[in-house]
Amino acid sequence: MNFQDLRSIIGQIKKNVRCPKCKMTYTDKDIEIIGSPTDNHAFFHAKCLKCKAEAVINVSIEHDGAQAGIPELKFLANNVKQDQVTINEVLDIRNFLNSFDGNFSDLFKAPQS
Ligand SMILES: [Zn+2]
């Protein structure tokens, strides 16, 4: 996943995804990337400016030949709260953040084959 993909995904989120609670649309500063476990897969965190509801958005990108597909967006979890997140999920994110050095160009670099 490269920077262009990332921009495209955030554009799609702003266009297509609304707060599950109050239906407010998101802006750039409401959306942050949590992580990208594979080249075609990323998790985003969105916090509604209006009602403060939090959501985790799971994004998959289909690359069909030369044509980059429109990202498939779906909510992984709505209204994320402490008691709805398992300890394993918290540990996964913490482990990711501990190992993440802040270098997005490495994170989104296409695999060299
Ligand atoms: Zn809201």
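Throughout this description, residue numbers start from 1 for each chain and increase along the sequence as written. The predicted origin of the model limits local features to residues at a pLDDT of at least 70 and limits the giving and counting of side-chain atom pairs to 80 or more, whereas totals for whole chains, interfaces and linings rest on all residues.

K.L.:
Where do I start with helix 1 (residues 3–16) in this structure?
P.N.:
Each α-helix turn comprises 3.6 residues. Residues three or four places apart therefore point the same way. The secondary structure listing takes helices from DSSP runs of H or I that are at least 4 residues long and strands from runs of E that are at least 2 residues long, numbered from the N terminus. Expected helix span is given by 1.5 Å per residue-to-residue step, counting one fewer step than there are residues. Given a rise of 1.5 Å per residue, 14 residues ought to cover 20 Å, and the 20 Å separating the end C-alpha atoms of helix 1 matches this to within 8%. To sort residues by exposure, count the other C-beta atoms lying within 10 Å of each residue's C-beta; 20 or more gives buried, 12 or fewer gives exposed, and values between give partly exposed, all with C-beta atoms placed from the backbone. Those residues of helix 1 lying buried are Asp5, Ile9 and Ile13. Projected down its long axis, helix 1 shows its buried positions confined to an angular sector of 75°, all on one face. Looking at helix 1, the residues exposed on the side facing more than 90 degrees away from the buried face are Phe3, Gln4, Arg7, Gly11 and Lys15. Each C-beta atom gives one direction from the helix axis, and the arc is the one those directions make.

K.L.:
Is there a simple way to think about the nonpolar core in this case?
P.N.:
Most often, soluble globular proteins keep nonpolar side chains buried together rather than apart. Only buried residues count toward a nonpolar core: Ala, Val, Leu, Ile, Met, Phe, Trp, Tyr and Cys, linked into one set through C-beta atoms within 7 Å. Met1, Ile9, Ile13, Tyr26, Ala42, Phe44, Ala46, Ala55, Ile57 and Val59 form the largest nonpolar core, which has ten residues in total. Elements with a minimum of two residues in this core: helix 1, strand 2 (41–47) and strand 3 (54–60). If near-sequence neighbours (up to four positions away) are discounted, alanine 46 is found in contact with Ile13, Tyr26, Asp30, Ile31, Ala55 and Ile57. By the convention adopted here, residues are in contact when the distance between their C-beta atoms, placed from the backbone, does not exceed 7 Å.

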